[in-house]
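# Structural overview
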Amino acid sequence: METKELMKYDQLSPFEVKDKLIELAKSHHERMMLDAGRGNPNWVTTTPRHGFFQLGLFALSEAERSFTDMAHFGGYTQPEGLKARFDQFVRDHAGTAGIDFLKQGVDYAEKALGIPSADLLLQFCDAIIGNHYPVPDRMLKHCETICAAYIRKEFGAGRPFDRPFDLYATEGGTAAMTYVFQTLKENKILNVGDTIAVGSPIFTPYLEIPRLNDYRFVEVEIAASEEESWQIPDSEIDKLLDPKVKAFFVTNPSNPPSVKIQDATIDRIAQIVKSKRPDLIILTDDVYGTFTQGFVSLFAAIPDNTIGVYSWSKYFGATGWRLGIIALCEGNVLDRMLAQLPQADKDRLAEREMSLKAINTALADTPANVLKKLNALKKQKQTEADARRQVESALNTLRAEKRQQDQKLSDVLRNGASLVTRYRDLHALSLKLHEQFQPLVEDAKSLPEIPELDTSLLEAIEQPAEKK
Ligand SMILES: Cc1ncc(COP(=O)(O)O)c(C=O)c1O
C-alpha cells in the first residue's frame with residue numbers, strides 16, 4: 001500500500017480500521033489473515049451453560065406451580081419448600097449435563113460463602129426468569145458475593161486481599177470503562193483537559209475514550225517494551241511520579257501482547273502510590289487476567305486507589321452476553337476526593353443524587369405492588385372468562401330457540417302451501433258446481449258469485465315453502 005494511502009487510515013478510529021481490514025480480507029482471499037474480528041474467542045465454556053439452562057428449567061417449573069388454571073401463565077417462585085423441590089429436581093434429572101455443576105455451585109455458595117441455598121435459589125430463579133427489576137440495581141446481592149469470591153481468588157495470586165469491595169454489574173468490560181470515565185467526570189474527579197497516563201499497548205477502543213470531546217485528556221504514554229518481553233521499564237513507570245498525572249489507565253495483561261505486568265512492576269507502582277502519589281487513580285482492565293497463572297491485579301495490590309474492571313466475555317467465550325463488572329474498595333481514594341470537593345460541587349452532586357433517587361423511586365415497583373397488580377390482572381382475566389362463558393351460553397340458548405322457530409316457520413309454510421293447494425282444488429270444484437247449477441235454476445243470477453282466485457297472494461304463500 002502506498003504511504004499516501006496508509007496516511008488515510010491514520011484518520012480512522014480503531015473500529016473503523018478493523019472494519020476496513022475485514023473488508024479487504026473479504027475481497028481478497030489471500031488477505032484473510034487481516035480479519036482479526038473483535039477479539040472474539042472461538043470457544044464457549046459448555047458446562048456453565050448446561051448449568052445455566054438447567055437452572056432455567058428448574059425456575060420455569062417453579063413458575064408453573066402458580067396460576068395452574070391459566071395457559072401460558074406462571075407465577076413467582078415460592079420460597080416455602082424451594083430447596084426440597086430443587087433437591088428433587090436434581091434427583092429427577094441426575095445424569096443430565098449441567099445438573100452436577102448446578103448442584104455443586106449451590107452447595108459451594110452455602111458451604112464456602114455462607115449463602116443459604118434456599119435464599120440463593122430464590123434469587124437465582126427470579127433472576128433467570130427475569131420477572132423482577134434487579135434489587136439492588138447495581139448487582140444482585142448473592143451474585144455480588146459469588147463474583148467477589150471469584151475476583152478475590154483470581155486476582156490476588158495468594159497475596160492477602162481481604163479488603164471488602166463493591167461490585168457493579170455492567171454490560172461488558174467496554175461499557176464498564178465508559179461508565180467509569182463518565183462518573184469520574186460527572187463527579188468532578190477528572191475534568192476536561194486533565195492529564196492521564198495510558199499504558200500501551202492497550203485495547204484499541206480505549207485509545208479513543210480519553211480523546212473524546214467530553215474529556216479531551218492530555219495523555220502520557222507509559223509504554224511496555226517489546227525488547228523487554230512487553231514489560232514496562234521502570235523509567236516509564238516513573239512517569240507516574242508527576243503530580244500532573246491524575247490517573248493511570250492500563251490493560252493488564254496487555255492487549256494485544258497478552259503479557260501480565262510482572263510482580264516487581266506492580267510493587268513499584270504500589271510503592272510510588274504509597275510514598276509519593278496517594279491521590280493517583282488507577283483504572284485497570286484485567287479481562288485477560290484469568291488466562292494467566294499467579295495473576296496479581298493492581299486492584300488487589302493497591303486497593304485504595306484502583307478501580308478494577310473485569311468481563312466474562314473472553315474466558316467464558318460469552319461476548320454476546322455482555323457481562324462485566326466494576327470493582328471498587330470501600331473507603332478508597334475516590335471517597336476521599338469526593339469529601340474534599342468544594343461545597344458548591346458537593347451541593348450540585350447532592351442535588352443530582354436526589355434527582356437520580358427520585359427517578360429510581362418512580363421507576364421501581366415494590367414486590368408487594370407487583371403482586372397486587374398481578375392479582376388485579378388475574379381477577380380481571382377471571383371476570384373476562386366468566387363474561388365470555390355467559391355470552392356463550394346465551395348464544396347457545398338463542399341458537400336453540402332459533403332452530404325451534406325455523407322449524408315452526410317451515411311447518412307453517414308447508415301447511416300454508418298445502419292449504420293453498422286445497423283452496424285451489426275447492427275453487428275449481430266451486431266453479432264446476434256453479435256451472436252445473438246454472439241450467440238447473442230459473443235465474444242463474446240468483447246463484448252466488450264465485451270470487452276470483454287471488455293468484456299472486458296464493459303464490460306468495462306457496463313460494464317460501466318451495467324454497468325451504
Ligand atoms: C483488554 C480487553 N478489555 C475489554 C474487552 C472487551 O470486553 P467486553 O466484551 O466485555 O466489552 C476486550 C475485547 O477484546 C479486551 O481485549
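Residues numbered from 1 in each chain as written. Predicted model: local features only at pLDDT ≥ 70, side-chain atom pairs only at ≥ 80, totals over all residues.

## Describing the overall build of the protein chain
Helices and strands together make up the secondary structure of the protein chain, namely 16 helices and seven strands. Here the C-alpha radius of gyration of the protein chain, 42 Å, is well above what a compact globule of 468 residues would show, namely 23 Å. Considering only C-alpha atoms, the protein chain reaches an extent of 155 × 65 × 55 Å along its principal axes. If you take every contact in the protein chain between residues at least 6 apart in sequence, the share linking residues at least 24 apart comes to 68%. (Helix = DSSP H or I, 4+ residues; strand = E, 2+ residues; numbered from the N terminus. Rg over C-alpha atoms; globule rule 2.2 N^0.38 Å. Contact = placed C-beta atoms within 7 Å.)

## Side note on helix α8 (residues 172–186)
Compared with the 21 Å implied by 1.5 Å per residue over 15 residues, the 21 Å span of α8 between its first and last C-alpha is a close match. Of the residues making up α8, those classed as buried are Gly172, Gly173, Thr174, Ala176, Met177, Val180, Phe181 and Leu184. Contacts from the buried residues of α8 go to β1 (165–170), α9 (204–208), β5 (281–285), β6 (306–311) and β7 (324–329). One or two positions beyond α8, positive phi appears at Lys188, with a value near 65°. (Expected span 1.5 Å × (residues − 1). Buried ≥ 20, exposed ≤ 12 C-beta atoms within 10 Å, placed from the backbone.)

## Remarks on the sheet that holds strand β2 (residues 195–200)
In space, the seven strands of this open sheet follow the order β1-β7-β6-β5-β4-β2-β3, with mixed pairing throughout. Strands with a single pairing partner mark the edges of an open sheet, and in this sheet they are β1 and β3 (218–223). In this sheet, neighbouring strand axes are inclined to one another by 20° on average, regardless of whether the strands run parallel or antiparallel. Where β2 and β3 come together, six bridges link them in parallel fashion. Bridging across to β3, Thr195 finds its partner in Val218. In the packing of helix α7 (residues 141–155) onto the sheet, contacts are made with β1, β6 and β7, and the angle to β1 comes to roughly 110°. (Pairing = 2+ DSSP bridges. Axes fitted to C-alpha atoms, helices over the stretch in contact; angles between N-to-C directions.)

## Regarding the domain arrangement of the protein chain
Interface size, as often reported, equals the accessible area lost upon joining of the parts. Annotation of the protein chain at the domain level lists domain 1 (3–34), domain 2 (139–357) and domain 3 (369–467). Distance between the C-alpha centres of domain 1 and domain 2: 31 Å. (Domains from an automatic or database assignment.)

## What to know about the nonpolar core
Soluble globular proteins tend to bury their nonpolar side chains together. Counting residues in hydrophobic clusters, the biggest one holds 50 residues, and the most contacted among them are Val180, Ala197, Ala247, Phe248, Phe249, Leu280 and Ile326. Among all residues touching Leu280, those that are not within four sequence positions of it are Leu240, Val245, Ala247, Phe248, Val273 and Asn305. Counting twelve residues, the second largest nonpolar core, distinct from the first, contains Leu55, Ile99, Leu102 and Phe124. (Core = buried A, V, L, I, M, F, W, Y, C linked by C-beta atoms within 7 Å.)

## Some words on the environment of His427
Position of His427 among the secondary structure elements: in helix α15 (residues 367–437). Separated by 264 residues in the primary sequence, His427 and Arg163 place their C-alpha atoms 118 Å from one another.

## Overview of the pairing of β6
Most of β6 sits out of view: six of its six residues are buried. Of the two faces of β6, the one carrying Thr306, Gly308 and Tyr310 and the one carrying Ile307, Val309 and Ser311 are both buried. Of the strand pairs in this sheet, β6 and β7 are connected by five bridges, and their pairing is antiparallel. When the bridges of β7 are listed, Gly308 appears paired with Ala327.

## Re the packing of helix α5 (residues 99–113) against helix α6 (residues 117–129)
Pairs of packed helices are described in terms of their axes, by the angle between the two and the distance that separates them. Interaxial distance between α5 and α6 falls to 9 Å at its minimum, and their mutual angle equals 130°. When the axes of α5 and α6 are compared, the pair comes out oblique. As for how α5 packs across α6, the hand of that crossing is right-handed. Across from Val106, Ala109 and Glu110 in α5, the residues of α6 making contact are Ser117, Leu120 and Leu121. The residue inventory of the contact of α5 with α6, partitioned by class, reads four nonpolar, one polar and one charged. (Parallel < 35°, antiparallel > 145°, perpendicular 65-115°, else oblique. Left-handed = near helix turned anticlockwise from the far one by under 90°. Nonpolar A, V, L, I, M, F, W, Y, C, P; charged D, E, K, R; others polar.)

## What to know about α5
Here α5 is 15 residues long and its end C-alpha atoms lie 20 Å apart, about the 21 Å a rise of 1.5 Å per residue gives. Those residues of α5 that sit buried are Ile99, Leu102, Lys103, Val106 and Ala109. If you follow the buried residues of α5, they end up packed against α3 (46–63), α4 (82–92), α6 and α7. Just downstream of α5 lies Gly114, where phi reads positive at about 70°.

## Some details on unusual backbone geometry
Glycine aside, residues mostly have negative phi angles, and peptide bonds mostly take the trans form. Between Val135 and the following residue, Pro136, the backbone shows a cis peptide bond with an omega angle of -5°. You can see Pro136 is positioned in the loop between α6 and α7. Within the chain, Ser229 stands out as a residue other than glycine whose phi angle is a positive 50°. By the secondary structure assignment, Ser229 is in the loop between β3 and α10 (234–237). At Arg322, a position not held by glycine, the phi torsion is positive, near 55°.

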